[in-house]
Structures are given as structure tokens and as C-alpha cells.
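# An overview of the molecular structure
Here is what each chain is made of, one letter per residue.
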Amino acid sequence: MAGRFVRASKYRHVFGKSTKKESCYDNLRISRNAWDTNLVKANPEYISVNWEASGGGAFAVIPVNEKGKLPDVIPLFRGHTSAVLDTDWNPFNDRIIASASDDGKVMIWEVPRDFTLFTDAEEPADVHPVAKLTGHSRKIGQVLFNPAAENILASASGDLTIKLWDVGTGQAALSMKHPDIVQSLSWNAAGNMMVTTSRDKKLRVWDVRQERPASEHQGHEGAKNSRAVWLGEQNRIATTGFSRMSDRQLALWEPGNTSPIGGFTTLDSISGVCMPFWDDSCNCLYLAGKGDGNIRYFEYENDKFEFLSEYKSADPQRGIAFLPKRGVNVHENEVMRAFKTVNDSYIEPISFTVPRRAETFQSDIYPPAVGAKPGLSASDWLSGKTALPSKIDFESIYEGNAPVEVASDYKPPAAIPAAAPVAKPAPKKEPEPAPAAAARSPPPTMKDQKQSMAAMASKYEDDEAESDDDESSFEEISKPTQRSAVPASAQPKAAPAPTKTFSAPQPKPAPSVRSPTSTTSSAAATPTASAPAPSASSNSSVEASLEQIKQLLETQTKMITSQGQQISVLTGEVESLKKRVGSGSQDQSERVRQLELELEALRS
């Protein structure tokens, strides 16, 4: 059986499923700007897309339910005077979005109510920003909302600063000086720490309210861009980057440690940047490559990334966004959904699903996840407070109700398999003392052990076998686990089970002598649809008997090994003496004959 065991995981069989072309978002003009961002962002209601627009920068917002070919002219979100480089949705308000541009400005937008792309107007009205945040002197490459505090926004600029904005007041409350151009940034789950990767190949962990780095690490050595993502509530960071030989790498870091846990892991030799995305509720990491169509996914366990599988596609992606966990389809056992750009002309949804046929809520694959309520306000966060946002229970969503909030530190109880009702377990018996036969001296002969084993096997053989005689009696013992539970009071009283010992084997009654009308106990032993299930005490006695057989097997294996070693030693000694004796003394010849007799006795 060596090599056939695999790591147990609820997500080991997750597979990615693409969407038919008619269910994609077609007729798009996705931005061709060379700045390294993800191009698209998504929430349960809308998808934002960096747009290839003339006359200044713009981006488009697409309602998630408006699939298919979009109109040639759609309302755009215009206001920047240069190309839009990045956008980010407010995690606690699905209609608020921030944008960053090459013009050095951050803008805040609100999606109009009942917003749609399908209008009767020949020139649909564009949407204008509700706020402008000015303070950077050069282009802004990234914007990212705080995942725990309301209305706190981070922006990273080419002027080598990272500003933290209070969107409610429009002021830059905090500013961090960065040594080089920021390539990516990511918050931890509590929103009090941030990690950045930079063009100087350094990985920095920031205590943002102190406006200084808490630790600095030498990152990936390759010249191309690297990315970082904080693993939610874990005190770990995942990075993707390149080696000096331009191989793509993955690394796991603990803030404060100078080197990655387990070193750098080589993924492949493809030239595109790997975009990492973290699912905090399932502890899964998704890696999507720029310029190729593959999405790898791993499960984080015991400070390692255990590879699960890979979604492969012939259509390369240049941008990709993952949906917040609260937006997945729990009725389809969907654990994650991605939106990838294809050929800069359409967006294709990719659904990652656990393949199960159960018609009930699968609580084991849906632990509580972050909802749409912040942990604290912007003023509380700026005053130094820290709190995790509340989580939601997916079972309420499965039943069609409003999401039920649970505490941020809530841990679901251990799931019980729902295949069959669980019977009350019998009290555990104390382990019986080892039988005297296993410890007697001198040890039993091989013939005695063979007879004892044959007796034990025949004693528990099914008298009325349903299948051919080659089927193992041990498989028959495990069959009652398929039964439905029956209360002990409803079961007919069965004849007492015989005592299991290692004394002289009891003779097995011949099947031909048995009466045609079975007794109550024999009828219970035959698994039928109407027969009551065996009692819990019989299961316990079977387990004790199996344990005794196991002990006997272990003893026999040790004896066989020991005797084999003795045979090898004696055989070698006999052969050596034969060579030396030749026409030697009578004493040596007598010794050879004695050894040959002992060897023959051992072999028998």
C-alpha cells in the first residue's frame, strides 16, 4: 500500500470551470497601458475595468448580471486627465470605488442606483467623481482600501510615498516614505500592518500608524516585478517573483525573519508576473500568471503551500480579479470565482467548485468569512484602535435569508458527516490483558500458530455468506457501518456472543446441518432491508477480537523474522564447516550433522 496515501483535504478536488462565451462580458476595450496592475476588480454587484479611452482617462463599471455582448457605447466613469492605472472597491459598500491615475490624483466614485449599460440614449451620460484626493506629485500606481476600518484608503505613488487617506474628510492622514517605486501592497486582516514589494527587490512590513517599516527582507533576486499578499489573519506573507535566471518563484515569509520559510520555490520558467490572491476562510492561495492562461491553487497548512491543482486554459489573461468570498454561489458548492480578461476584448468568469452531489448545505467547506460590516470607524482606527471586521454565516445565505453575522473570532464546530444518522456509541471497554499464549516461553511452533490463526479466522467467518467464498471475513465485519441506527430498545434480544479467547478452537457447525428456519441471532447477522442492526456491544466485541488477531499477527511476524535470521546463520555455519571438514576429524563431522538436524527442524 506504500505510496497510495494522499494528504486529506476538503479542497483537494476543487476544479476550475470556465464559462460559455454567451455568458461572458463581451465587446470591451480593455486598457493597453503597460503599467503592471490587475486591470479589473470585482465585488458581488459590479466589475470595474480599466478602459482604453480617448480624451483622458476612464474606466468602466459592468453590473455582474449584465452578461453577453455589451453596447458599442456605454456610460464610462470619466474625470481623470490621464490613463487610469488601478481601481479598488470599498469592501463595506459595493457602490463606492476608488481610482488611481497617471495624472497623480485619486478619485472616489459612487455607482448610481439602478445603474445599467443598456440604455435607450444614443450618448449615455458619463459618471463623475464625488471626491478628489490630491497630494501626490507623480502618477499613482496602486490604491487599496483598508479591510477592517471604514473609509481608510492607501495609495502608492511614483513620488516614493504611500499615503493613507480618510475618505470621509478627504485628508491624507498618514504618509510613509518609500525608498523606491512600489510594485505591490497588501494589508493584513486587522488593517494595522501592510506589506510592500519594491523595485529595489526588498520586502518591507510597515507599521502604518507609526509611518515606518517594522521589518525589511531581501526579496526575490530577479529583475522583473514581484508581488506580495498578506495571508489574512495568519502572521504570514506570500510573495511571487523571479530568480536571477528568470524562473518564477513562490515564497512564504514570517514578518521579522530575514529569509523565507523553506526557501524560494521554483514554479516554472514563464516570463509573465504571477498575481497572488488569498482566500482567508479556506486558507487557499491562487496564483494567476500574466500572459498565460493557467491558475494554480494551493492550500496553506503547517507553514507550507500544499499544491491542490491547476486550472489550464489556452486563452492567456493579462488581468484578473477574484470575487470577495461573500459573493460565491453556495448552492453550486462554489468556493471562489475569478474574472479574467481575454484578448483585451472580453471578461470570462472562472468558477472554482468542490465536486459534491449533496443537496444540503456543506458547512465544512464554508467556514464564516468577512462580511460587509467594518470592524471600526476611520476615526477609531486613526486613534490607534484595532479590530477585525465581523463575519457572516453562509448557511443563512444558502437558505435565502439575509446574512447572519457571527463574531470575528468565531470558529465553527467540527463537522459531522451527514451520510447517516449517528447512533449513540457504546461505552469504551478497558483494554483486555494480553493472552498468555502471546507471552509463553518457549514460543509456539509454526504448526501451532497456523492452527490458531485458522481457528480465529473461521470463528468469525459469516455462516451464511452472500457472495463467493473468496470474500474476506474482515470485509464482512465492516458492512454493518452502512446500516441506519436503531434504538437498543427496539432490537430483538439476540443470543449472547461466544467469548473470544486464544484457547482451543471451537468447531464450526456445518452449514448443511443448520435448520431452514433461522434463529433471531442468525437473522440479525444477515444484512437485509428489514433486519435490525447489530447492537453496539457486538461491535465492541468485534473490535476487541480484531485487536487480538492484530496482536497475534504481530507476534507471529516477529517470530518468523527471528527464525529466518537463525536459519540464515545456521546455513552459513554449515556451509563453512563443510568446506573446512573435508576429510577432517570425526568431531567436526559430528558437529556438521548436528547443525544440519537443527536446520531441518527449524525449516519444518
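The sections below set out a description of the structure shown in this document. Counting from 1, residues in each chain are numbered in the order their sequence is written. Where totals are concerned, whole chains, interfaces and linings use all residues; where local detail is concerned, this predicted model gives features only for residues with pLDDT of at least 70, and gives and counts side-chain atom pairs only at 80 or more. Only heavy atoms go into the side-chain values, all of them from the structure, while hydrogens and water stay out.

This next bit is on the pairing of strand 21 (residues 237-242). Judged by how many residues are buried, strand 21 sits mostly within the fold: 6 of 6 residues are covered. Buried means the residue's accessible area, taken with a 1.4 Å probe over protein chains only, is under 20% of the maximum for its type, while exposed means over 50%, and partly exposed covers the values in between. Helix numbers and strand numbers start at the N terminus; a helix is a DSSP run of H or I with at least 4 residues, a strand a run of E with at least 2. The alternating pattern of strand 21 places I237, T239 and G241 and A238, T240 and F242 on opposite faces, both of which are buried. One requirement defines pairing of two strands: DSSP has to find at least two bridges between them. Across 4 bridges, strand 20 (residues 227-230) lies against strand 21 in antiparallel orientation. Within the sheet, the bridge partner assigned to W230 lies in strand 21 and is I237. Two successive antiparallel strands, strand 20 and strand 21, enclose a turn made up of 6 residues, where G232 displays a positive phi of approximately 55°.

Attention now goes to the sheet that holds strand 22 (residues 248-253). Here 4 strands make up an open sheet; going across it, the order is 20-21-22-23 and the pairing antiparallel. Of all strands in the sheet, those with a lone pairing partner are strand 20 and strand 23 (265-268), marking the two edges. Across the sheet, the axes of successive neighbouring strands diverge by a mean angle of 20°, strand direction being ignored. Alignment of strand 22 against strand 23, held across 3 bridges, turns out to be antiparallel. Each bridged residue has a counterpart across the sheet, and for Q249 the counterpart in strand 23 is T266. Simply put, an axis is a line fit to the C-alpha atoms, just over the touching stretch for a helix, and the angle between two N-to-C directions goes from 0 to 180 degrees.

Moving on, we get to the sheet that holds strand 33 (residues 404-406). Read from one edge to the other, the open sheet built from 3 strands follows the order 31-32-33, with strand pairing classed as antiparallel. Two strands bound the open sheet, and with one partner strand each, they are strand 31 (369-370) and strand 33.

Moving on to the packing of aromatic side chains. Geometry of aromatic contacts follows a simple scheme: Phe, Tyr and Trp rings, the Trp one being its six-membered ring, pair when their centres are within 6.5 Å, and the pair is stacked under 30 degrees between planes, edge-to-face over 60, tilted otherwise. Counted by the stated rule, this structure contains 22 aromatic pairs. Seen in terms of ring centroids, W187 and W381 are 6.2 Å apart; in terms of plane orientation they differ by 80°. Their pairing is edge-to-face. Note that W187 is positioned in strand 16 (residues 182-187) and W381 in helix 1 (residues 378-382), a separation of 194 residues in sequence. Look at W187 and you get buried, because its relative accessible area is 6%. With relative accessibility at 0%, the residue W381 sits in the buried group. When the centroid spacing of 5.2 Å and the interplanar angle of 45° are considered together, the rings of Y286 and F322 count as tilted. In this pair, Y286 sits in strand 25 (residues 284-289) while F322 sits in strand 28 (residues 320-322), placing the two residues 36 residues apart along the sequence. Accessibility expressed as a relative area gives 2% for Y286, which makes it buried. On the basis of relative accessibility, which here comes to 13%, the residue F322 falls in the buried class.

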